[in-house]
Amino acid sequence: GARGAKLYSAEDPLTILTSDTLKGTLRNSSTAWLVQFYSSWCGHCIQYSPTWKALAGDVKDWEQAIRIGVLDCAHEKNFDICKEFGIHFYPTFRYFKAHSASFDIGKTYRADRDLQTVRQLMVNFLQNHTRDDWPVRCPPLEPSRSADILSLMGLKMGHYTAVIIEDEESYVGREVMLDLMAYEGVIVKRALNTDKSFLQKLGITSVPAAYLIRPNGTHTLMDVQKSLRFFFSSFLKLLPGVHKKQSPAALGSAVDTRGQEEMEVWKEFEKSKVYMADMESGLHYLFRVELASHETLEGEELKTFKDFVTVVAKLFPGRQSVVKLLETLLEWLVSLPLERIPYDAILDLVNNKMRISGMFLSEQLQWVGCQGSRPELRGYPCSLWTLFHTLTVQAALRPDALANTGLEEDPLAVLQTMRRYIGTFFGCRECGQHFEAMAKESLQQVKSLDEAVLWLWRKHNQVNSRLAGALSEDPRFPKAQWPTPDLCPTCHEEQEGLHVWNEEKVLAFLKQHYSTGNISPKYTS
Ligand code: FAD
């Protein structure tokens, strides 16, 4: 079913883009664009959304020069467009120039958590335009010559001219110019502090400073409490006769203003069970969306992919149709002498275009034990944890399952494969970095298949504890140390008043919980 993007809404000061609007919006746009490709299941995207909204609000007045957009790659409708744009990780930030006639997937840049840094990057982006593709309504951002400024003094221009005097590295002048670009009654210029006699004439002793030439030609230093962008801009916006221009009607025509999408019907489930529908949906997403954003697999990526398919084909206690598909995929990969595989070939097989009977992986996202109280919560990452816990338990229960795969000797086979999958392909890059740090620290201490089960349990609890109270936490499923006492009373003990785990009982519980007999086929179609 459809999962709607709820991290951003039509009330936010930014543009929600979709597969229907993205290209049309970017092609030959009169403004530059900064677009965040996010995923509504990615915890870091959820955490980052208030910052992104704050940024969009902060530069709202720049929108005739550069605009802010978002696109949710976790929305089924957007799978293809994110693939076409080569979005591998979330969030990915792309910058698109104004007036680009041809199709352009934009330039990626590393976003910063710090608003001011992103805002300064936006200024740099604008200045990357040439005279030919300069966004039409964007004022020129170059500094004026001091002689040109001086020649304005005493002239009755009929509007204010504000001049920000600053050093070369300062962004204040350009930010104030953009802040006031949508206002009439005032023109903002900037000048550098290199000409000492100029500074002396204006009576400027420190920069940044602002000088004001009134409509009647008289002039004076601008008197603000602090030499900060916000103080300069709001001073100018409040001058008598200065007000905001009507925004052109054309703006906003591409905005997707559709309201709420239909909510999914809640599916009843039991916390004490594992649901096949979650793991199949996870595999669907993993094969058809996450991996499919890669055009080809080669080298380390291909090796990681092969090992992942090996581990899943041999250990996943799935339905016949799915296991058969995974086994066929594995045979095909092993038989290929290629060092580089176009991902489309893999997709053809996964989508069963070769029509091999009885092989099938459902093409829908059907979250059950992983459903969230809002569409952006839980889902895919929850299904990955579920899958990997199931795989470590299956490896411990069936130690011979990996025979003749090259992975049979290694009690760490599943965990190392998970570690490499998460680090290489998992869309949440910061999750991957955290997981890698945990693996580096303690994975080498794992010496048996049972210890592997416990290691993943322990590390998952460590993640739960770190994420408790985060914005990505589903209020209906608070992050708790798991299994909770209602699920496994004997797992919990007290020693001298302190809670301790009975790890023997935990291991037995995990082996029962993630065993074939506890996996419910409910809601699999
Ligand atoms: P999840 O934590 O996804 O758990 C799924 C299910 O597993 C639970 O419902 C429960 O039945 C069971 N379970 C819970 N704890 C355990 C345990 N200790 N042992 C066995 N079974 C358990 N999000 C971030 O915001 N930041 C991160 O750094 C981050 N790192 C991640 C790293 C990995 C490898 C993965 C797969 C995900 C990561 N995530 C991260 C996502 C996050 O951990 C959750 O998956 C997501 O917030 C959804 O949470 P959830 O409530 O569905 O439960």
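Residues numbered from 1 in each chain as written. Predicted model: local features only at pLDDT ≥ 70, side-chain atom pairs only at ≥ 80, totals over all residues. Heavy atoms only, no water.

A.B. asks: So what exactly am I meant to see when it comes to the sheet that holds strand β5 (residues 107-109) here?
C.D. replies: Strand pairing in a sheet is mediated by backbone hydrogen bonds. Such pairs are either parallel or antiparallel. Strand order across the open sheet formed by five strands is β1-β3-β2-β4-β5, with mixed pairing between neighbours. Among the strands making up the open sheet, the edge pair consists of β1 (15-17) and β5. Strand-to-strand, the axes of this sheet are offset by a mean angle of 30 degrees, without reference to chain direction. Looking at chain direction, strand β2 (residues 32-38) and strand β4 (residues 92-96) are connected through five bridges and run antiparallel. In the strand pairing of β4, Trp33 is matched with Phe96. Sheet contacts for helix α2 (residues 43-58): β2, β3 (66-72), β4 and β5; angle to β3, the most-contacted strand, approximately 160 degrees. Set on the sheet, helix α4 (residues 115-127) makes contact with β2, β3, β4 and β5; between it and β2 the angle comes to about 135 degrees. (Pairing = 2+ DSSP bridges. Helix = DSSP H or I, 4+ residues; strand = E, 2+ residues; numbered from the N terminus. Axes fitted to C-alpha atoms, helices over the stretch in contact; angles between N-to-C directions. Contact = heavy atoms within 4.5 Å.)

A.B. asks: Hey, could you run me through the nonpolar core in this one?
C.D. replies: Nonpolar side chains tend to gather and get buried jointly when the protein is soluble and globular. With 152 residues, the main nonpolar core has Phe37, Trp52, Leu236, Phe287, Phe305, Phe308 and Phe316 as its most contacted residues. Counting residues per element, this core draws most heavily on helix α13 (residues 380-397), at ten residues. With near-sequence residues (within four places) excluded, Phe305 lies in contact with Phe287, Leu291, Leu297, Leu329, Leu333, Tyr343, Ile346 and Phe425. With 13 residues, the next largest nonpolar core counts Ile149, Val163, Ile165 and Ile204 among its residues. (Core = buried A, V, L, I, M, F, W, Y, C linked by side-chain atoms within 4.5 Å. Buried < 20%, exposed > 50% of the residue type's maximum accessible area, 1.4 Å probe, protein only.)

A.B. asks: Looking at this model, I keep getting lost on the pairing of β3. Mind explaining?
C.D. replies: When a strand is regular, its side chains alternate between the sheet's two faces. Burial within β3 is extensive, with seven of its seven residues counted as buried. Across the two faces of β3 the burial is the same, with Ile66, Ile68, Val70 and Asp72 and Arg67, Gly69 and Leu71 all buried. One ladder, built from three bridges, connects β1 with β3; its direction is parallel. In the strand pairing of β3, Leu17 is matched with Leu71. Relative to β3, β2 runs parallel, the two sharing seven bridges. The partner of Leu34 across the bridge, within β3, is Ile68. In the classification by handedness, the crossover that spans β2, the intervening α2 and the parallel β3 is right-handed. (Right-handed = clockwise from strand over helix to strand, strands pointing away.)

A.B. asks: Before we go on, may I ask you to explain the site of the ligand in this structure?
C.D. replies: Taken together, 24 residues lie around the ligand, and Arg378, His434, His460, Lys479 and Tyr514 are the ones closest in. With respect to the ligand, the side chain of Asn464 contributes an N or O atom lying 3.1 Å from a nitrogen atom. A distance of 2.8 Å is found between a nitrogen atom of the ligand and a side-chain nitrogen or oxygen belonging to Tyr514. When the ligand is considered free in solution it has 950 Å² of accessible area, and contact with the protein chains removes 92% of it. The pocket occupied by the ligand, as judged from atoms lying within 2 Å of grid points, is the largest pocket. Of all the secondary structure elements, the ones that give two or more residues to the shell around the ligand are α2, α13, α14 (413-424), α15 (429-442) and α16 (449-467). At seven residues, the largest contribution of residues to the shell around the ligand is made by α16. (Near = heavy atom within 4 Å. Polar contact = N/O pair within 3.5 Å; in protein donor to acceptor, adjacent residues only side chain to side chain. Areas by Shrake-Rupley, 256 points an atom, 1.4 Å probe, with all protein chains shown as cover. 1 Å grid on protein atoms, 1.4 Å probe; cavity = no way out; pocket = protein on both sides within 12 Å on 5 of 7 lines; lining within 4 Å. Sits in = over half its atoms within 2 Å of the grid points.)

A.B. asks: Please explain the sheet that holds strand β9 (residues 209-213) as it appears in this structure.
C.D. replies: One open sheet accounts for four strands, arranged β8-β6-β9-β10; its pairing is mixed. Two strands bound the open sheet, and with one partner strand each, they are β8 (186-192) and β10 (219-221). Here the strands of the sheet are splayed against their neighbours by 20 degrees on average, with no regard to which way each runs. As paired strands, β9 and β10 are joined by three bridges and run antiparallel to one another. Bridge pairing in β10 links Tyr211 to Leu221. Each of β6 (160-166), β8 and β9 touches helix α8 (residues 229-237); the most contacted strand, β9, lies at about 15 degrees to it.

A.B. asks: Is there a simple way to explain the environment of Leu199 in this structure?
C.D. replies: By the element assignment, Leu199 lies in helix α7 (residues 196-202). For Leu199 and Ala209, which are ten residues apart along the polypeptide, the C-alpha to C-alpha distance reads 10.0 Å. Filtering out sequence-adjacent residues up to four positions away, Leu199 remains in contact with Ile165, Asn193 and Ile204.

A.B. asks: Help me understand the packing of helix α10 (residues 299-315) against helix α11 (residues 320-335), please; the structure alone is not making it clear to me.
C.D. replies: A pair of packed helices can be characterised by two numbers: the angle between their axes and the separation between those axes. Running from N to C, α10 and α11 cross one another at 145 degrees; their axes reach a closest spacing of 9 Å. In terms of crossing hand, the pair formed by α10 and α11 is left-handed. Residues Phe305, Lys306, Val309, Thr310, Val312, Ala313 and Lys314 of α10 form the contact with α11, whose participating residues are Val323, Leu326, Glu327, Leu329, Leu330 and Leu333. By residue class, the composition of the contact of α10 with α11 is nine nonpolar, one polar and three charged. (Left-handed = near helix turned anticlockwise from the far one by under 90°. Nonpolar A, V, L, I, M, F, W, Y, C, P; charged D, E, K, R; others polar.)

A.B. asks: How do you make sense of the state of the cysteines when you look at a structure like this?
C.D. replies: Here a disulfide denotes a covalent bond joining the sulfur atom of one cysteine to the sulfur atom of another. Overall, the coordinates contain four disulfides when judged by the stated rule. Paired by a disulfide, Cys73 and Cys82 hold their sulfur atoms 2.2 Å apart. Looking down the S-S bond of the Cys73 and Cys82 bridge, the torsion is -85 degrees, so its handedness is left-handed. The burial state of Cys73 is the same as that of Cys82; both residues are buried. In this model, Cys370 is linked to Cys382 through a disulfide, with the two sulfur atoms separated by 2.1 Å. With the S-S dihedral at roughly -75 degrees, the linkage between Cys370 and Cys382 falls on the left-handed side. (Disulfide = S-S within 2.5 Å.)

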